[in-house]
Each structure stands twice: as C-alpha cells, then as structure tokens.
Amino acid sequence: MGKFMDVHHGMQGITADQLKEAHRRDLAIEAEEGVHFEQAWADPNSGTVYCLSDAPSADAVKRVHAQAGHPVTEVHEVSLTVS
C-alpha cells in the first residue's frame, strides 16, 4: 500500500456539501479496489480538489474516482512525510 494525493481540476464553485457528497461516493466503493480515502480539500475559486488516500496503486485511485463520477488524471504517490 502507498499513500497518494490526487488532484481534480475544473470544479470551480464547489461547495462543502458537494465535496462531502463526492467524498461519500468514493468511500461507498473504495473497498472494491482496496483504496481508503482519508481526506479531501478544495479551493472553490480555482476549482482544484485534492484527495489523500492509501491505495495499492495510482490506477486503483483512478478507477474509484471514475466509478464515483469524478474521474482524475493527476495522481501522485507521496512516499515521504514529515510532521
């Protein structure tokens, strides 16, 4: 399992409720791909949404997001963390 940050673009004006619903849709099906979405952040002005997950691969993250209705092409493995 790795940790991944994915980036969605083109979601200008997204609201907190819309972000919660998108995250809920991911959580509902994440187990099918062995993914766990931990948290999501958004900048409604730029339309950028970020999601942090634990997953077996970037492709697994992409498949869950596609099935949930918000496909993503930009997925980065984040193997180095500091606190």
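Our subject in this report is the structure included herewith. (Residues numbered from 1 in each chain as written. Predicted model: local features only at pLDDT ≥ 70, side-chain atom pairs only at ≥ 80, totals over all residues. Heavy atoms only, no water.)

### Topic: the overall build of the protein chain
Helix and strand content of the protein chain: two helices and four strands. Going from the N terminus to the C terminus, the protein chain shows its helices and strands as β-α-β-β-α-β. A globule of 83 residues ought to have a C-alpha radius of gyration of about 12 Å, and the protein chain, at 12 Å, matches this closely. Across its three principal directions, the C-alpha atoms of the protein chain cover 35 × 30 × 20 Å. (Helix = DSSP H or I, 4+ residues; strand = E, 2+ residues; numbered from the N terminus. Rg over C-alpha atoms; globule rule 2.2 N^0.38 Å.)

### So, the nonpolar core
Val35, Phe37 and Val61 are the most contacted members of the largest nonpolar core, which has 16 residues in total. Apart from the residues lying within four places of it in its own chain, the contact partners of Phe37 are Asp6, His23, Asp26, Leu27, Glu30, Cys51, Leu52, Ser53, Val61, Val64 and His65. (Core = buried A, V, L, I, M, F, W, Y, C linked by side-chain atoms within 4.5 Å. Buried < 20%, exposed > 50% of the residue type's maximum accessible area, 1.4 Å probe, protein only. Contact = heavy atoms within 4.5 Å.)

### Considerations on the environment of Ser53
Within the secondary structure layout, Ser53 lies in strand 3 (residues 48–55). Spatially, the C-alpha atoms of Ser53 and Met5 are 6.5 Å apart, while their sequence positions differ by 48 residues.

### What to know about the packing of helix 1 (residues 16–29) against helix 2 (residues 58–68)
For the pair helix 1 and helix 2, the least separation of the axes is 9 Å and the interaxial angle reads 120°. In the packing of helix 1 onto helix 2, the handedness of the crossing is right-handed. Residue-level inspection shows Arg25, Asp26 and Ile29 of helix 1 in contact with helix 2, the latter providing Val64, His65, Gln67 and Ala68. Across the contact of helix 1 with helix 2, the residue classes break down as three nonpolar, two polar and two charged. (Axes fitted to C-alpha atoms, helices over the stretch in contact; angles between N-to-C directions. Left-handed = near helix turned anticlockwise from the far one by under 90°. Nonpolar A, V, L, I, M, F, W, Y, C, P; charged D, E, K, R; others polar.)

Function cannot be read off these values alone, since they describe shape.
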